[in-house]
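Chain by chain, the residues:
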Amino acid sequence: MTMSPHEVQAYVLTYLEALDCQIMERSPAHVTVKLSPEADKALTNRPYYWGFVERTGAPAETMSFTFIFDPDSYQQAIEAEEAKAAQASPPVVPNPDGTNGVNNGSPQGEPPKETILGRYFGITPSLPQLGPGRILREEVVYGSRRLQQIFGAAREGGAFVNLFEQAAKRQLRATAPAVYEPWLGVCFKVEFACDLKREELHFLGISLRSGEIIEKFGTKLNRRDLSPRLAENMHVQTAKVSLFDAGAALESHLTNRLLELDYSWAEKAQERLDLELDVLDTYYEAVLREDTPEVESPGNVTSDTENAHSDRTPPAPLKKVVDIKNAKPIGADVELAAEAAVPIDSETDAEEEKAKQAVIDREAMKLQYETRRTEMIWQYEPKVKVTAISSGMFHLR
């Protein structure tokens, strides 16, 4: 699913107009807008500034943006305007003082104004404009960060609405008030997903007085003038169906509609999943079937060592040294140390290390197999997901 630059522009303009933003300039490729306080809070991420405004009561200064929807067309328009302005402007005539017509922003014929930087560095270019008066430029195309932010702000701000149908002028002068019938409208998004994906929108409405359910409820709303304000000389009827029961009725109605659809695509997706799993299982089964050398546990090694010591015959007692003067008898500790000394076999250690590494590799391969199998099931397994993306109370005549 994607959106063309025209569709992106239509969506963004609808959002900006709904939040009462001031549009200063507009073309097929861009729009320059001064944000309203509500839009500024949602898009500029300035919580500290708005906290200061709310605490002190200072006048709020919102930011301005130039949203570019078609960068190539916008750049071509800018280059055409610059070329046209260059042809219309008179040529620059060098001045006798050697400034080549540069006047540091002062009108033609007036001497340049002296600045602090100019005293030391000569003529300096003008600095860019900073602060709330500047206009930020940003590309808004499908997939851009700003467009995703606008999508999120629209979902958060328009998740639930409460609208009233506006009465005709003659109703305002009528003696008896007109009666509103409350309706609950919910827009469901249905996703049919496997390794492919398809989405549908179902906008259903149910009367809280009679329980009547209408499909394509948006078509009924498009022909009416709706406003968040309750009009004069209008009366709202009390609902007979609770919101919980109404929501359950809409879910049941949508479920029955989905049961009537053709799900041959799910059977084909399951066949593709079985085929992929067979290939995956065959590959890893051959890898995991390879023989790996067994590694003895430390407990077994200790017991074998103890058995070796127990089977060993005790050494013959050492003879006393009498011919050497000042000779000291050999202590029992030295005898035990000599008794426990065993030559290290380097080849055996290398084989044990190799066996341990083989076991580690085998466990890593098992984990990789389980991960790949889980990912394959998530990708190919057919599923239907229903989400309520927006809802609202609509009081209609």
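Cut-offs and rules
Residues numbered from 1 in each chain as written. Predicted model: local features only at pLDDT ≥ 70, side-chain atom pairs only at ≥ 80, totals over all residues. Heavy atoms only, no water. Helix = DSSP H or I, 4+ residues; strand = E, 2+ residues; numbered from the N terminus. Buried < 20%, exposed > 50% of the residue type's maximum accessible area, 1.4 Å probe, protein only. Expected span 1.5 Å × (residues − 1). Arc of directions from axis to C-beta. Contact = heavy atoms within 4.5 Å. pLDDT = per-residue confidence, 0-100. Salt bridge = Lys/Arg side-chain N within 4 Å of Asp/Glu carboxyl O. Pairing = 2+ DSSP bridges. Core = buried A, V, L, I, M, F, W, Y, C linked by side-chain atoms within 4.5 Å.

This brings us to unusual backbone geometry. The phi torsion of most residues other than glycine is negative, and most of the peptide bonds are trans. Of note in the backbone geometry, Asp20 takes a positive phi value of approximately 60° without being a glycine. Within the secondary structure layout, Asp20 lies in the loop between helix H1 (5-18) and strand E1 (22-26). Residue Asp20 is classed as exposed on the basis of its relative accessible area, which comes to 66%. The backbone of Lys216 shows a phi angle near 55°, a positive value even though the residue is not glycine.

Let us now look at H1. Given 3.6 residues per helical turn, the α-helix brings residues three or four places apart onto the same face. The end-to-end C-alpha separation of H1 is 20 Å, in line with the 20 Å expected for 14 residues at 1.5 Å each. Turning to H1, its buried residues number three or more, namely Val8, Gln9, Val12, Leu13, Tyr15 and Leu16. Buried residues of H1, viewed axially, fall in a sector of 160°; they line one side. Every exposed residue of H1 that faces more than 90 degrees away from the buried side is listed here: His6, Thr14 and Ala18. Of the surrounding secondary structure, the elements contacted by the buried residues of H1 are E1, strand E2 (30-34), helix H2 (37-43), strand E3 (64-68) and helix H6 (145-157). Two residues or fewer after H1 comes Asp20, characterised by a positive phi angle close to 60°.

Moving on: the confidence of the model for the protein chain. The predicted coordinates of low-pLDDT regions are not to be read in fine detail. Looking at the protein chain as a whole, its pLDDT mean stands at 78, while 73% of the residues score no less than 70. Within the protein chain, the lowest mean pLDDT, 45, falls on helix H11 (residues 298-311), and the highest, 94, falls on helix H9 (residues 243-259). For the stretch residues 292-328, pLDDT sits under 50, and the model shows 14 contacts to residues farther than four places along the chain or on other chains. Contacts for the low-pLDDT stretch residues 336-340, under 50 throughout, to residues beyond four places or in other chains number one contact.

With that settled, consider the pattern of salt bridges. Under the definition given, this model contains 14 salt bridges. For Lys34, the salt bridge goes to Glu61, with nearest N and O atoms at 3.4 Å. With a gap of 27 residues between them, Lys34 in strand E2 and Glu61 in the loop between helix H3 (47-56) and E3 connect regions that are remote in the sequence. Residue Lys34 is classed as partly exposed on the basis of its relative accessible area of 23%. Residues Arg257 and Glu260 are paired through a salt bridge, measuring 3.6 Å at the closest nitrogen-oxygen approach.

Direction of pairing for strand E6 (residues 178-193) relative to strand E7 (residues 197-207): antiparallel, over a ladder of 11 bridges. Looking across to E7, one finds that Cys187 is bridged to Phe203. Linkage of E6 to E7, two consecutive antiparallel strands, is achieved through a turn of three residues. Alignment of E7 against strand E8 (residues 213-215), held across three bridges, turns out to be antiparallel. Bridging from a neighbouring strand, Ile206 pairs with Ile213 of E8. Hairpin connection of E7 to E8: five residues between the antiparallel strands, including Gly211 at a positive phi of 80°.

Next up on the list: the nonpolar core. Among the nonpolar cores identified, the biggest contains 22 residues, and Val12, Leu16 and Phe67 are the most heavily contacted of them. For this core, the secondary-structure elements that each account for two or more residues are H1, E2, H2, E3 and H6. Ignoring sequence-local partners within four residues, the contact set of Phe67 consists of Val12, Leu16, Ala29, His30, Val31, Val33, Glu138, Val140 and Arg146. Phe188, Leu208, Ala246 and Leu258 belong to the second-largest nonpolar core, a separate cluster that totals 13 residues.

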